[in-house]
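If you want the building blocks of each chain, they are given just below.
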Amino acid sequence: MADIRLVDIVKKYGAAVAVPRQSLTIEDGEFLVLLGPSGCGKTTTMRMIAGLEDITEGDIFVGDVRVNDLPPKDRDIAMVFQNYGLYPHMTVADNIAYPLKLRGVSRKERREQARLTAEKVELGPYLDRRPAELSGGQRQRVALARAIIRRPKLFLMDEPLSNLDAKLRVTMRAELKHLHHELGITTVYVTHDQTEAMTLASRIAILNRGEIVQLDTPERIYSDPADTFVAGFIGNPAMNLIEGRLKNGVFEAPATRISGIQADLEGSVILGIRPEHLTIADSGPISGKIYANELLGDSTLVTLREASSHICARGPADFRRELGAEVSFIPTKDARLYVFDATDGKQLSAQLF
Ligand SMILES: Nc1ncnc2c1ncn2[C@@H]1O[C@H](COP(=O)(O)OP(=O)(O)O)[C@@H](O)[C@H]1O
Ligand SMILES: [Mg+2]
């Protein structure tokens, strides 16, 4: 096993830049998630690592070996895509064992390996079915088993759960996490779903317009976002980002007046605070009329709207107030307030006093 290094890689299609200059090291054994909106170059990056796409500029190394010119079959990489790409006329067992057939493994050995691998993804009873006789989740697990059976050096997974319904996605997420723990195979996983990224990753690389804006552990991405793009992408619901002015340690915006904030910059800033760090009260530094109440079961999301800002707090499950009622939010004792530069969105170093 070895780490994988992308060094200054660029991908252009004619004059169009699909991936701007990008460098990234994937550590041996880690589960790295590339998270970003559609069109930001995630699939292209994966295909370059796999060798399915030429690299316009830059190098890819596996350990010390430069693999730019190695064909896909010599890179020891298995890919799982959003479209499972199963062979419809083959049984589950034959689909799973297909990579072994290409290697010339005997029929008996293939059957045995397929059985063992199918058990890992709970497909044991389905070995003789065809893909059309399976649910979406089961088909996805066949694709996964077909990747696992190869014991590759690297897994590349490109939005593998996005065709599944919400409940199945949660189950499969846990299965993927467990499998990674069990097999320890280095994995690069692409998604636009922040919950998937947070739950699966050992590290997340967040992409904005093809550039990596932050590469960090999920904990740090949540607790210390580099800019408003990251802050607004992570968390469910995402961090409140309130545009206003900071002057002499006092932040002011429509509906909001919070004092005691010291930051590197005063003037136009964006104040960030997470909904889970606001409690609901009759008076407090953030006040307004209730715009929406959303019961989630274990809590209620309460949104205030004042001028153009929507500010959301996570309140108790039994919170009951009419829409339009006046209410206030107070930062909790352990709340962290973030201050971002309104011009470029970068997080400023800030302190409360
Ligand atoms: N074969 C291609 N020819 C031209 N442009 C492409 C091709 N493949 C992808 N692109 C462009 O490259 C950019 C990145 O695409 P992609 O890597 O698929 O993004 P993502 O997977 O993040 O949604 C997009 O603007 C897309 O239109
Ligand atoms: Mg894609």
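Definitions and cut-offs
Counting restarts for each chain: residues are numbered from 1 in the order of the written sequence. Note on labels: chains are lettered from A, ligands numbered from 1, in written order. Whole-chain, interface and lining totals are the exception, using all residues; otherwise, since this is a predicted model, local features are given only for residues with pLDDT of at least 70 and side-chain atom pairs are given and counted only at 80 or more. Processing note: side-chain calculations cover all non-hydrogen atoms of the structure and skip hydrogens and water entirely. Every helix listed is a DSSP run of H or I at least four residues long, and every strand listed is a run of E at least two residues long, numbered separately from the N terminus. Throughout, exposure labels follow a simple rule: accessible area from a 1.4 Å probe, protein chains only, divided by the maximum for the residue type, with under 20% read as buried, over 50% as exposed, and the rest as partly exposed. Whether two residues are in contact is decided by their heavy atoms: any pair within 4.5 Å suffices. Each accessible area is a Shrake-Rupley result for a 1.4 Å probe, and residues are judged covered by the shown protein chains and nothing else. Counting rule for charge: Lys and Arg are taken as positive, Asp and Glu as negative, and neither His nor the chain ends is counted. Just so you know, the charge point we use is NZ for Lys, CZ for Arg, CG for Asp and CD for Glu. Each reported salt bridge corresponds to a side-chain nitrogen of Lys or Arg within 4 Å of a carboxyl oxygen of Asp or Glu. Residue types Ala, Val, Leu, Ile, Met, Phe, Trp, Tyr and Cys, when buried and joined through side-chain atoms within 4.5 Å, form a set referred to as a nonpolar core. Throughout, the edges of the domains are those of an automatic or database domain assignment. Buried area: the accessible surface (1.4 Å probe) lost by two parts on joining, summed over both. UniProt positions are given in the numbering used here, feature names are shortened, and annotations may be inferred rather than shown by experiment. We define proximity as follows: a residue is near a molecule or strand when any one of its heavy atoms falls within 4 Å of that partner. Whenever a nitrogen or oxygen atom comes within 3.5 Å of another N or O atom, the pair is scored as a polar contact, on the condition that within protein one atom can donate a hydrogen and the other can accept it, and that pairs from neighbouring residues in sequence are kept only if both atoms are in side chains. The rule is short: rings of Phe, Tyr and Trp, with Trp giving its six-membered ring, pair when the centres are within 6.5 Å, and they are stacked under 30 degrees, edge-to-face over 60, tilted in between. In this analysis the charged atom, NZ for Lys or CZ for Arg, is taken to sit over a ring once it is within 6 Å of the ring centre and within 35 degrees of the ring normal.

**Some thoughts on the overall build of the protein chain**
Next up, step 1: Summing up its helical and strand segments, the protein chain has 8 helices and 23 strands in all.
Next up, step 2: Structurally, the protein chain occupies a C-alpha span of about 75 × 45 × 35 Å along its principal axes.
Next up, step 3: Taken across its 353 residues, the protein chain has 49% of its residues classed as buried.
Next up, step 4: Considering only contacts in the protein chain between residues 6 or more positions apart, those separated by 24 or more positions represent 65%.
Next up, step 5: Summing over all exposed atoms, the protein chain offers an accessible surface of approximately 17000 Å²; the carbon and sulfur share of this is 49%.
Next up, step 6: Distance between charge centres in the protein chain, computed from 44 positive and 47 negative side chains, equals 6 Å.

**Let's talk about the pattern of salt bridges**
Two side chains bearing opposite charge may form a pair once their charged atoms approach each other closely.
Next up, step 1: Per the stated rule, a full pass over the model turns up 17 salt bridges.
Next up, step 2: A salt bridge links Asp282 to Arg321; its shortest N-O distance comes to 4.0 Å. Note that Asp282 is positioned in the loop between strand 16 (278-281) and strand 17 (286-295) and Arg321 in the loop between strand 19 (309-316) and strand 20 (326-331), a separation of 39 residues in sequence.
Next up, step 3: For Arg321, a relative accessible area of 34% corresponds to the partly exposed category.

**Here's the deal with the nonpolar core**
Side chains of a nonpolar character, in soluble globular proteins, are inclined to be buried together.
Next up, step 1: Ranked by size, the top nonpolar core spans 44 residues in total, and within it Leu35, Ile96, Leu144, Phe155 and Tyr189 carry the most contacts.
Next up, step 2: Among the elements that take part in this core, helix 4 (residues 136-148) stands out by supplying 6 residues, more than any other.
Next up, step 3: Sequence-distant contacts of Ile96, that is, excluding residues within four places in its chain, are made with Ala114, Thr117, Ala118, Val142, Ala145, Arg146 and Ile149.

**Quick look at the domain arrangement of the protein chain**
Next up, step 1: In terms of domain boundaries, the protein chain breaks down into domain 1 (4-228) and domain 2 (241-352).
Next up, step 2: Here domain 1 and domain 2 have C-alpha centroids that lie 38 Å from each other.
Next up, step 3: Facing the 7 residues of domain 1 at the interface are 10 residues of domain 2.
Next up, step 4: Carbon and sulfur atoms supply 45% of the area that domain 1 and domain 2 bury against each other, a total of about 760 Å² over both sides.
Next up, step 5: Ranking the residues of domain 1 by area buried against domain 2 places Tyr222, Pro225 and Thr228 at the top, with a combined share of 62%.
Next up, step 6: At the boundary of domain 1 with domain 2, the tally comes to 1 salt bridge.

**Here's the deal with helix 1 (residues 42-50)**
Next up, step 1: Among the 9 residues in helix 1, 7 count as buried, and that is most of the element.
Next up, step 2: Of the positions making up helix 1, those classed as buried are Lys42, Thr44, Thr45, Met46, Met48, Ile49 and Ala50.
Next up, step 3: Positive phi shows up at Gly51, right after helix 1, with a value of about 90 degrees.

**Structural notes on the UniProt feature "domain: ABC transporter" (unreviewed entry) in the protein chain**
Next up, step 1: UniProt annotation of "domain: ABC transporter" (unreviewed entry) refers to residues 4-234 when read in the numbering used here.
Next up, step 2: Measuring from the first to the last C-alpha atom of residues 4-234 gives 26 Å, for a span that is 36% helix and 26% strand.

**Focus: the site of ligand 1**
Next up, step 1: Around ligand 1, the structure places Tyr13, Ala18, Ser38, Gly39, Cys40, Gly41, Lys42, Thr43 and Thr44.
Next up, step 2: Within the contact set of ligand 1, an oxygen atom lies 2.8 Å away from a side-chain nitrogen or oxygen of Thr43.
Next up, step 3: Relative to its unbound accessible area of 560 Å², ligand 1 is 55% covered by the protein chains.
Next up, step 4: In terms of residue count, the dominant contributor to the shell around ligand 1 is helix 1 (3 residues).

**Focus: the environment of Lys73**
Next up, step 1: Position of Lys73 among the secondary structure elements: in the loop between strand 5 (65-66) and strand 6 (77-80).
Next up, step 2: What makes Lys73 exposed here is its relative accessible area of 70%.
Next up, step 3: Each C-alpha atom, one on Lys73 and one on Leu100, is 13 Å from the other, the two residues being 27 residues apart in sequence.

**Brief notes about the packing of aromatic side chains**
Next up, step 1: Scanning all chains against the criterion turns up 4 aromatic pairs.
Next up, step 2: On the numbers, 6.3 Å between centres and 15 degrees between planes, the contact of Tyr338 with Phe340 is stacked.
Next up, step 3: Seen from the ring of Phe61, Arg5 lies directly overhead, with NZ or CZ sitting 4.6 Å from the centre.
Next up, step 4: Positioned above the aromatic ring of Tyr222 is the side chain of Arg274, whose terminal nitrogen or guanidinium carbon lies 4.0 Å from the ring centre.

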